[in-house]
Amino acid sequence: MNKAGFTTSKSTSVDAPIINELPLALECELIKVIDGSKYLARIVNVSADEKILDSNGEVDVEKLKPITYDTAHFFYYALGEKVGHAFKDGNALK
């Protein structure tokens, strides 16, 4: 953590540290390990910096600018472009 310049605080919800410099933390309780490499967990607390919230107090993905890791090809990808509206787009096709 020191090499990355991060500091941590102890979570009050789970036995794990929270990285203070990251704008979002999902604190999870492990439920089950599947096939030795997949993890099923329950989110017990969410901590979010106000800078990434919208006017309704919800996390704004465009403000958060999350990244994801491609385990097959070893790349990181930026996420955030809205491409559709869940449970709405495509309803006209029915």
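This structure is a prediction, so every number in the text was calculated from the model and none was measured. (Residues numbered from 1 in each chain as written. Predicted model: local features only at pLDDT ≥ 70, side-chain atom pairs only at ≥ 80, totals over all residues. Heavy atoms only, no water.)

Caption draft 1: Highlighting the overall build of the chain. Within the chain one finds one helix and six strands. Sequence-ordered secondary structure for the chain, helices as α and strands as β, is β-β-β-β-α-β-β. For 94 residues, the compact-globule estimate of 2.2 N^0.38 gives 12 Å, and the C-alpha radius of gyration of the chain, at 17 Å, exceeds that figure by more than 25%. Projected onto its principal axes, the C-alpha positions of the chain cover 50 × 40 × 30 Å. For the chain, the proportion of its 94 residues judged to be buried stands at 11%. Looking at the chain alone, contacts between residues at least 24 apart form 12% of all its contacts between residues at least 6 apart. Of the roughly 8,300 Å² that the chain leaves accessible, carbon and sulfur atoms contribute 56%. (Helix = DSSP H or I, 4+ residues; strand = E, 2+ residues; numbered from the N terminus. Rg over C-alpha atoms; globule rule 2.2 N^0.38 Å. Buried < 20%, exposed > 50% of the residue type's maximum accessible area, 1.4 Å probe, protein only. Contact = heavy atoms within 4.5 Å. Areas by Shrake-Rupley, 256 points an atom, 1.4 Å probe, with all protein chains shown as cover.)

Caption draft 2: Summary view of the packing of aromatic side chains. Under the counting rule described, the total for this entry stands at two aromatic pairs. Ring plane angle 65 degrees and centroid distance 6.4 Å describe the contact between Phe75 and Tyr77, whose orientation is recorded as edge-to-face. Here Phe75 falls in the partly exposed class, since its relative accessible area comes to 47%. Tyr77 sits in the partly exposed class, given a relative accessible area of 42%. (Phe/Tyr/Trp six-rings, centres within 6.5 Å; stacked < 30°, edge-to-face > 60°.)

Caption draft 3: Representation of the pattern of salt bridges. Tallying each qualifying case throughout the model produces four salt bridges. When the shortest N-O distance is used, the salt bridge between Lys38 and Asp35 registers 3.1 Å. A relative accessible area of 66% means that Asp35 is categorised as exposed. Put simply, Lys51 and Asp49 hold a salt bridge, and the shortest N to O gap is 3.9 Å. (Salt bridge = Lys/Arg side-chain N within 4 Å of Asp/Glu carboxyl O.)

Caption draft 4: The side chain of Asp70, seen in detail. Following the sequence through the fold, Asp70 ends up in strand β5 (residues 67-70). One buried charge, Asp70, has no salt-bridge partner; the nearest side chain with opposite charge is Lys38, at 15 Å. A distance of 2.9 Å separates polar atoms of two side chains, one belonging to Asp70 and the other to His73. Contacts of Asp70, omitting those with residues within four sequence positions, involve Phe75 and Tyr77. (Lys, Arg positive; Asp, Glu negative; His and termini not counted. Polar contact = N/O pair within 3.5 Å; in protein donor to acceptor, adjacent residues only side chain to side chain.)

Don't take any of this as a statement about function, it's just geometry.
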